[in-house]
Amino acid sequence: MYVAAMAAIVVTMFLALARAAIGPTVFDRILAVNMFGTKTVLLIAVAGFLTGRPEWLDLAIVYTLVNFTGTLAVLRFARFGNLARDDRKADRS
Amino acid sequence: MRLGVLALLVAVWLSLSGPYTLHEWLILAFGVVSVLFVWRLYLALDRAAGGGSEFFRASSWLRLPRFLVAFALKVAAANLHTTKLILAPKIDLQPRLRRVPASQKTSFGQVLYANFITLTPGTITLDLRDDELLVYALDAESEGDVMDGSMDRDVLRLEGGPD
Amino acid sequence: MNGALDIVTAVLLVAGGFFCVVGGIGLHRFSDFYQRTHAASVTDTAGAGLMLLGLMVQGGLSMVTLKLVLVLAFLLFSSPAIAHALVKAAHGHGLALELDDPGKDGDAAG
């Protein structure tokens, strides 16, 4: 059953990667990459159970948070072309 | 509330690394430092947001289970409907934008409501401004729970409003 | 290992996998970006939720289950935040919203 679940996750990851490659807009790509990251978290968790090493869940937790921060950073970069600028004025527009 | 967040942070740290390492003074020190650092960040953010997190009083925690059940049921129903839309032989959508009032008193409650809508497949919050949400929905059935105000009431009930 | 619990886990994992693939298919069948966010939200809620629930059944009452609950809680907080940030950025960027009934409620939004 773990193998079936992992197969489903891997299929979804390929579908998400295909969407990230096709685009057409940058937002489609970010959405697909974020979905890919969520699937990675699930893959780590299920693989941990498959191999009998639930300690991998710590990696899953960290990956969840890194995925969240990373997606926001890429989105910000795509929008402002800069990660450090104070965009409080730009946001009001 | 502020001490509640501190207790929550300590609980999270304990559950992730505490029980096996409490005798290691170095790791314990790391834990204390990281908990205090995150708490300091929370206090700064809370002040920047104008203290909007006065949402959870002790009584709110008691109402949480009922909210979670209502939440799970609504999300499950929306998932089934969106799955039907995706797997339909012909994609047939009537996308629409709606303005809906967010009647929660605290800003935390309004954000929770907006997140609730976004999390439900078929509806997504575009904007939150002046106690009003801008909601994008896939079709008439998807927006049902938002338009009849039942999700609004769920969050209101958690906030301590009328039943 | 308990036989009945294994069956519950298997059902939940397969159901979660089904919703994951459905979301992946939706990502390709829907025609514009705003619709695709809904497909992604199917995998983030039903897919991830059912799979983690299935693993929780295996974990029983233990630290493992607590960590699974934490993963699920983080996912349920981060996925709407990401979806909202993406949609708002796309809308603010001027990506066209295709509406069935334009001008009724969605005018002057942004």
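Residues numbered from 1 in each chain as written. Chains lettered and ligands numbered in written order. Predicted model: local features only at pLDDT ≥ 70, side-chain atom pairs only at ≥ 80, totals over all residues. Heavy atoms only, no water.

Section: the overall build of chain A
Within chain A one finds four helices and zero strands. Along the chain direction, N to C, the helices and strands of chain A fall in the order α-α-α-α. Counting across all 93 residues of chain A, residues that qualify as buried make up 43%. Considering only contacts within chain A whose residues lie at least 6 apart along the sequence, 45% involve residues at least 24 apart. Counting only carbon and sulfur atoms, one obtains 69% of the accessible surface of chain A, whose full area is about 4,800 Å². (Helix = DSSP H or I, 4+ residues; strand = E, 2+ residues; numbered from the N terminus. Buried < 20%, exposed > 50% of the residue type's maximum accessible area, 1.4 Å probe, protein only. Contact = heavy atoms within 4.5 Å. Areas by Shrake-Rupley, 256 points an atom, 1.4 Å probe, with all protein chains shown as cover.)

A short note on the overall build of chain C
Scanning chain C from terminus to terminus reveals three helices and zero strands. Reading the secondary structure of chain C in the N-to-C direction produces α-α-α. Per-residue burial for chain C yields a buried fraction of 52% across its 110 residues. The long-range share in chain C, meaning contacts at least 24 apart out of those at least 6 apart in sequence, stands at 64%. Of the roughly 4,300 Å² of accessible surface on chain C, 68% is carried by carbon and sulfur atoms.

So, helix α3 (residues 57–80) of chain A
End to end, α3 of chain A covers 34 Å across 24 residues, agreeing with the expected 34 Å (1.5 Å per residue, within 8%). Among the residues of α3 of chain A, L57, A60, I61, T64, N67, T71, L75 and F80 of chain A are the ones counted as buried. (Expected span 1.5 Å × (residues − 1).)

Details of the pattern of salt bridges
Scanning the model with the defined rule gives seven salt bridges over all chains in all. A salt bridge links K74 of chain B to D154 of chain B, with the nearest nitrogen and oxygen atoms 2.7 Å apart. Here K74 of chain B is found in helix α3 (residues 58–87), whereas its partner D154 of chain B is found in helix α6 (residues 150–159), with 80 residues between them in sequence. Accessibility assignment for this pair places K74 of chain B and D154 of chain B in one class, buried. For D127 of chain B, the salt bridge identified is with K88 of chain C, shortest N-O distance 3.6 Å. With D127 of chain B in strand β2 (residues 123–129) and K88 of chain C in helix α3 (residues 63–93), this pair bridges two chains. On the basis of relative accessibility, which here comes to 36%, the residue K88 of chain C falls in the partly exposed class. (Salt bridge = Lys/Arg side-chain N within 4 Å of Asp/Glu carboxyl O.)

Points about the sheet that holds strand β3 (residues 132–137) of chain B
Each strand in a sheet pairs with its neighbour through backbone hydrogen bonds, running either in the same direction (parallel) or in the opposite one (antiparallel). Residue and element names in this part refer to chain B. Taking strand neighbours across the sheet as the criterion, the three strands line up as β1-β3-β2 in an open arrangement whose pairing is antiparallel. The sheet is open, and its two edges are formed by β1 (96–101) and β2, each paired on a single side. Across the sheet, the axes of successive neighbouring strands diverge by a mean angle of 25°, strand direction being ignored. Here β2 pairs with β3 via six bridges, running antiparallel. Paired with T125 across the bridge in β3 is V135. (Pairing = 2+ DSSP bridges. Axes fitted to C-alpha atoms, helices over the stretch in contact; angles between N-to-C directions.)

As for the environment of V74 of chain A
All names here are of chain A. With respect to the element layout, V74 can be found in helix α3. Judged by relative accessible area, which is 46%, V74 ranks as partly exposed. Sequence separation of V74 and I30 is 44 residues, and the distance between their C-alpha atoms is 7.6 Å.

Some thoughts on the packing of α3 of chain A against α3 of chain C
Contact pair α3 of chain A / α3 of chain C: the axes reach a minimum separation of 9 Å and the direction vectors enclose 10°. With respect to α3 of chain C, the element α3 of chain A is oriented roughly parallel. Partitioned by chemical class, the residues of the contact of α3 of chain A with α3 of chain C number 18 nonpolar, three polar and three charged. (Parallel < 35°, antiparallel > 145°, perpendicular 65-115°, else oblique. Nonpolar A, V, L, I, M, F, W, Y, C, P; charged D, E, K, R; others polar.)

Observations concerning helix α2 (residues 33–59) of chain C
Residue and element names in this part refer to chain C. A rise of 1.5 Å per residue sets the reference length of α2, with its 27 residues, at 39 Å; its end C-alpha atoms lie 38 Å apart and thus fit the reference within 8%. For α2, a buried count of 23 out of 27 residues is recorded, marking the element as mostly surrounded by other parts of the structure. With its phi angle positive at about 70°, G60 sits one or two positions after the end of α2.

Focus: the confidence of the model for chain A
Confidence in the prediction of chain A, expressed as mean pLDDT, is 83, and 86% of residues score 70 or more. Scored below 50 in pLDDT, residues 89–93 of chain A makes four contacts in the model with residues more than four places away or belonging to other chains. (pLDDT = per-residue confidence, 0-100.)

A short note on the packing of helix α4 (residues 107–119) of chain B against α3 of chain C
Across the interface, α4 of chain B lies against α3 of chain C with an axial gap of 9 Å and an inter-helix angle of 85°. It follows from the interaxial angle that α4 of chain B and α3 of chain C lie roughly perpendicular. Contacts between α4 of chain B and α3 of chain C involve N115, T118 and L119 of chain B on the former and, on the latter, L76, S79, P80, A83 and H84 of chain C. Classifying every residue of the contact of α4 of chain B with α3 of chain C gives four nonpolar, four polar and no charged.

Looking at the interface of chain C and chain B
Tallying the contact residues gives 41 residues for chain C and 39 residues for chain B. Carbon and sulfur atoms make up 67% of the surface buried where chain C meets chain B, a total of about 3,400 Å² over both sides. On inspection of chain C and its partner chain B, the count reaches six residue pairs in polar contact (both at pLDDT 80 or more). For the side of chain C that touches chain B, the elements supplying multiple residues, two or more each, are α1 (3–29), α2 and α3 of chain C. It is α3 of chain C that contributes the most residues to the side of chain C that touches chain B, 12 residues altogether. (Buried area = accessible area lost by both parts, 1.4 Å probe. Polar contact = N/O pair within 3.5 Å; in protein donor to acceptor, adjacent residues only side chain to side chain.)

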